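What the coordinates show
Take a look at the letters that make up each chain.
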Amino acid sequence: MRVLVVHNNYRQPGGEDEVAKREAALLRSRGHDVKEFHRSNAETQQASGLAAGLVALESIWSRQTATDLSNLVSDFKADVVHFHNTFHRISPSAYRACRQHGAAVVQTIHNPRFLCPSATFWRKGRLCVDCLKSRAKFPGVRHGCYHGTTGHTIMAAGFTAISYLEGVTWKQVDLFLLSTHFYHKLFMDAGWPQDRMQVKPHFLAEVPVAQADRGEYALFVGRLSPEKGVKTLLRAWDGMRDIPLVLRGSGELQNCIPPHIPRTQRLTQAELFELYRGARFLVWPSEGYYESFGLVAVEAFACGIPVIAARTGVAEEIVQDNRTGLFFSAGDSDDLVRMVRWAWNHPSELEEMGHQAREEFLRKYTADANYPQIEKAYLTAMKIRGSARIEAKG
């Protein structure tokens, strides 16, 4: 099978970039002919004035990307074009360019940008779903949700609106992939086509060595921002200095981290696994609907580490209470303190949760477990595309 993987890289490397890279490598390892097409938002980092205005227009419809992709799909004779991120240099114009050459089109939905201009469901320190069923995303524009400005939000809302109003996304994409059933239901509630959505979780490219000894600290891995629950985490640890906490990440709240809490920034995958193996448990305090998957939880599971998670969104799908981890009430620092102290003082029970977490990873989140689901998605998309061609000829 000839597969073209298309991804718009962010200015800072993130989980979506890693998922796109892993899936392309997995397909190659199974004998598929794979090419990759990338653009990067770093291309426009210094844009201002008229140039910034052109960038905004290109985020809605990029002729350059459409031309480049059309030529590539034609020359490569792609069977499937698998999109990851298209915001904002690639734009929705890419779908039509691929379909014109008969390729089946698959879109992985990594975040809620199609439903929320800021892609966070978070506004002024709380969950916000005002744009969930608004096709033009007027509430988000009114509040200036993306980067805190009306101009940036109009660009993000325009990206979404062109997909809805012109049918660019719904009519040109054969199959949407979502990583959790929670997000599948969320998009269904927003009116997306159920018959063209499939749930396929993400996976880790390797199976790391599991933890050998009892961990010595609690661990947080992720962006240091409010929707990630970092303020709740810090409030909890304000009175728990006897339990060591280690942070891996950076972000807008990094200057709020007290000096007694060690913090490291980006690590290699091997170094990150080593950090997990030194932990007694991972704290995953994300609030609201922001998380579309829980890669940090899966990485912890892979190392045999249980997870203490906020009871919200996808966490309730990935973590099983008292089996692979524990829950606390989202945003409730006192409840988090209770769960952390219980976990710290019950090492035997926590060790058993770690074993169960490792088994959960081996069942669901390895490359071997994931490949049949990718293959099924591509065959389904090709079947849908074939049916569409027959209907068009009829």
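What counts and what doesn't
Residues numbered from 1 in each chain as written. Predicted model: local features only at pLDDT ≥ 70, side-chain atom pairs only at ≥ 80, totals over all residues. Heavy atoms only, no water. pLDDT = per-residue confidence, 0-100. Contact = heavy atoms within 4.5 Å. Buried < 20%, exposed > 50% of the residue type's maximum accessible area, 1.4 Å probe, protein only. Helix = DSSP H or I, 4+ residues; strand = E, 2+ residues; numbered from the N terminus. Pairing = 2+ DSSP bridges. Arc of directions from axis to C-beta. Phe/Tyr/Trp six-rings, centres within 6.5 Å; stacked < 30°, edge-to-face > 60°. Salt bridge = Lys/Arg side-chain N within 4 Å of Asp/Glu carboxyl O. Axes fitted to C-alpha atoms, helices over the stretch in contact; angles between N-to-C directions. Right-handed = clockwise from strand over helix to strand, strands pointing away.

1. Notes on the confidence of the model for the protein chain
Looking at the protein chain, pLDDT values average 90 and 92% of them are 70 or higher. Low pLDDT (under 50) marks residues 390–394, which in the prediction has zero contacts with non-local residues, meaning those over four places away or in another chain.

2. Regarding the pairing of strand β1 (residues 2–9)
Most of β1 sits inside the fold, with six of its eight residues counted as buried. Inspection of the sheet shows β1 paired to strand β2 (residues 33–40) by eight bridges, in the parallel sense. Of the residues in β2, the one forming a bridge with Val3 is Val34. Relative to strand β3 (residues 80–83), β1 runs parallel, the two being bridged by four bridges. Looking at the pairing, Val3 lines up with Val80 of β3.

3. What to know about helix α8 (residues 181–189)
Within α8 the residues assigned to the buried category are Tyr183, His184, Leu186 and Phe187. Looking down the long axis of α8, one finds its buried residues gathered within 160 degrees of arc, a one-sided arrangement. Considering only its buried residues, α8 is in contact with β4 (104–109), β7 (175–178) and β8 (197–199). Where α8 terminates, the next one or two residues include Gly191, which has phi positive at roughly 95 degrees.

4. Considering the packing of aromatic side chains
Scanning all chains against the criterion turns up nine aromatic pairs. Here the aromatic rings of Phe176 and Trp192 are separated by 5.0 Å at their centres, their planes lie at 75 degrees, and the arrangement is edge-to-face. Of the two residues, Phe176 is situated in strand β7 and Trp192 in the loop between α8 and β8; the sequence distance between them amounts to 16 residues. Here Phe176 matches Trp192 in class, with each residue buried. Aromatic pair Phe293 and Tyr365: ring centres 6.1 Å apart, planes at 70 degrees, arrangement edge-to-face. A residue pair is termed long-range when its members are at least 10 positions apart, and Phe293 in the loop between β12 (279–284) and α11 (295–302) and Tyr365 in the loop between α14 (347–364) and α15 (367–393) qualify at 72 residues.

5. So, the pattern of salt bridges
Applying the stated criterion across every chain yields a total of 18 salt bridges. Among the ionic pairs, Arg28 bridges to Glu36, the shortest N-O distance being 3.0 Å. Under the relative-accessibility criterion, Arg28 is labelled partly exposed at 39%. Residue Glu36 is classed as partly exposed on the basis of its relative accessible area of 34%. When the shortest N-O distance is used, the salt bridge between Arg311 and Asp321 registers 3.4 Å. Here the residue Arg311 occupies a position in the loop between β13 (307–310) and α12 (315–318), and Asp321 occupies one in the loop between α12 and β14 (325–328), the gap between them amounting to ten residues. Its relative accessible area of 35% is what places Asp321 among the partly exposed residues.

6. A short note on the sheet that holds β1
One open sheet accounts for six strands, arranged β2-β1-β3-β4-β7-β8; its pairing is parallel. Of all the strands in the sheet, just β2 and β8 have a single pairing partner and so form its edges. Going across the sheet, the axis of each strand differs from the next one's by a mean of 20 degrees, ignoring polarity. In the packing of helix α1 (residues 15–29) onto the sheet, the strands contacted are β1, β2 and β3, and the crossing angle to β1 comes to about 165 degrees. Most of the contacts of helix α3 (residues 63–76) go to β2, to which it runs at about 170 degrees, and overall it touches β1, β2 and β3.

7. A word on the pairing of β7
Burial along β7 is two-sided: the face carrying Leu175 and Leu177 and the face carrying Phe176 and Leu178 are both buried. Note: β4 against β7, four bridges, orientation parallel. Residue Gln107 lies in a different strand from β7, and its bridge partner there is Phe176. On the question of chirality, the crossover connecting β7 to the parallel β8 by way of α8 is right-handed.

8. Concerning unusual backbone geometry
Positive phi, normally seen in glycine, also occurs at Phe121, with a value near 50 degrees. Locating Phe121 in the fold gives a position in the loop between β4 and β5 (122–123). Residue classification places Phe121 among the buried residues on the basis of a relative accessible area of 1%. Notably, Lys137 is not glycine yet its phi reads approximately 60 degrees, a positive angle. Within the secondary structure layout, Lys137 lies in the loop between β6 (126–127) and α5 (138–143). Looking at Lys137, the relative accessible area reads 1%, which means it is buried.

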